[in-house]
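Architecture and fold: a report
Each chain is listed here by its residues.
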Amino acid sequence: MKKIILSLAVCCFLSFTLTAQEIYKIKNNWKGTYLNTNEALQVSGVNENWNSAQWEFIDAGNEQFRIMNVRDATFLNIEYDELRCSTIEIGWNSALWRINPVEGTNSFKINNVWKPNLFLNIEEGLGCTAILEGWLSARWKLEKVNTNTTPTPTVETNDQNTNASSDLFNIQRALDAHNDLRREVGVPPLVWSSDLAAKAQLWADNLALTNRFEHSNTGMGENIADGWVSGDPPETRIFKGWGEDEKPNFNPATRKCYRGKVCGHYTQIVWRNSTKVGCGVKVKADGGYILVCNYDPPGNMNNGPAY
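Quick summary incoming for the structure in this document. Note that the structure is a prediction, hence the values are computed from the model and not measured.

1. Quick word on the overall build of the protein chain
- A tally of helices and strands in the protein chain yields four helices and 20 strands.
- A total of 307 residues make up the protein chain; the buried ones form 48% of that total.
- Within the protein chain, contacts between residues separated by at least 24 positions form 57% of all contacts whose residues are at least 6 apart in sequence.
- Summed over all atoms, the accessible surface of the protein chain reaches about 14500 Å², with 48% contributed by carbon and sulfur.

2. So, the packing of helix α1 (residues 171-184) against helix α3 (residues 234-244)
- Two elements in contact, α1 and α3, have axes whose closest approach is 7 Å; the angle formed by their N-to-C orientations is 25 degrees. Compared by their axis directions, α1 and α3 come out roughly parallel. The two elements α1 and α3 cross, and the hand of that crossing is right-handed. On α3, the residues touching R173, A174, A177, H178, D180, L181 and E184 of α1 are E235, I238, F239, W242, G243 and E244.
- Of the residues in the contact of α1 with α3, the class split is six nonpolar, two polar and five charged.

3. Considerations on the environment of C293
- Locating C293 in the fold gives a position in strand β20 (residues 288-296).
- Residue C293 is classed as buried on the basis of its relative accessible area of 0%.
- Leaving out residues up to four positions away in the same chain, C293 has contacts with H178, G221, E222, N223, I238, W242, V277, G278 and C279.

4. What about α1?
- Taking 1.5 Å per residue, 14 residues should reach 20 Å; α1 reaches 20 Å between its end C-alpha atoms and fits that length.
- Every buried residue belonging to α1 is among I171, A174, L175, A177, H178, N179, L181 and R182, and all of these are buried.
- On its buried face, α1 sits against β15 (191-192), α3, α4 (264-270), β19 (276-283) and β20.
- For α1, the side-chain oxygen to backbone nitrogen distance between the N-cap and Q172 is 3.0 Å, and the N-cap itself is N170.
- One or two positions beyond α1, positive phi appears at G186, with a value near 80 degrees.

5. Regarding the sheet that holds strand β16 (residues 221-228)
- Strand order across the open sheet formed by four strands is β15-β19-β20-β16, with mixed pairing between neighbours. A single partner strand is all that each edge strand has here, and the edge strands are β15 and β16.
- Relative to β20, β19 runs antiparallel, the two being bridged by eight bridges. Looking across to β20, one finds that G280 is bridged to V292.
- Docked against the sheet, helix α2 (residues 194-210) engages β15, β16, β19 and β20, running at close to 30 degrees with respect to β19.
- Seen against the sheet, α3 touches β16, β19 and β20 and runs at an angle of roughly 65 degrees to β20.

Cut-offs used in this document
- Residues numbered from 1 in each chain as written.
- Predicted model: local features only at pLDDT ≥ 70, side-chain atom pairs only at ≥ 80, totals over all residues.
- Heavy atoms only, no water.
- Helix = DSSP H or I, 4+ residues; strand = E, 2+ residues; numbered from the N terminus.
- Buried < 20%, exposed > 50% of the residue type's maximum accessible area, 1.4 Å probe, protein only.
- Contact = heavy atoms within 4.5 Å.
- Areas by Shrake-Rupley, 256 points an atom, 1.4 Å probe, with all protein chains shown as cover.
- Axes fitted to C-alpha atoms, helices over the stretch in contact; angles between N-to-C directions.
- Parallel < 35°, antiparallel > 145°, perpendicular 65-115°, else oblique.
- Left-handed = near helix turned anticlockwise from the far one by under 90°.
- Nonpolar A, V, L, I, M, F, W, Y, C, P; charged D, E, K, R; others polar.
- Expected span 1.5 Å × (residues − 1).
- Polar contact = N/O pair within 3.5 Å; in protein donor to acceptor, adjacent residues only side chain to side chain.
- Pairing = 2+ DSSP bridges.

Here's what the structure looks like:
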């Protein structure tokens, strides 16, 4: 789990550690109210255990974070020039935020990466706008939630799988499943990409939340599968579902699929020019899961041979 340490001076030196994948409440300094999605995105007083007022800071690298609501797994963003909480698409900088310590206080200002001059504030109602230097309406405190006593959210987040701490998903086993299949045909192993994994996780979150099963159409190499937590683990879906089950549809002589047969998941895995992979898993409320793996460079290009 990656930690970003923000150091603040409050009379004496105070160090505050914002830990990705942990849960926080976001409290406004001016009004003492909390950001929440109880009925709509708002700031208000909240009950102790409202998961609508609990937020997960997902580390996106470069000291940037996605801010996800625990109750419904939607993300704070300004994609349509209006502050809202919604599902997001891969690559939306409008859903990336910087957490800026206010010198001499234990407070933060939160600005958007897409439009860095816009800050989360409640000066004239909740919004994301330009601010003046001394506005308390744009200063926030982060209160860590004791998740040991917090009721289970109505939607499982399961984003700990991005750092392989989940029992369901293990990075090394997923990578080994890919490379065992590549080794069989004599192509170099893939290496794990945390950037591809983050993008895969976003799409897995999106599909699980909206109960869809479709490709992201972002131009990346992408394999998608679903499964059951109580059934085959993700690495088995990779090795067997995408690999062993599709290999009979693959013609070793042409290194393409037999006419009319499906083997595109397998050929992406063994595509020689692909060098990196990253995967994400999202558990759904019904006990199923969505597995997404992204590949770079993408495979299955121009109807060419896999290797």
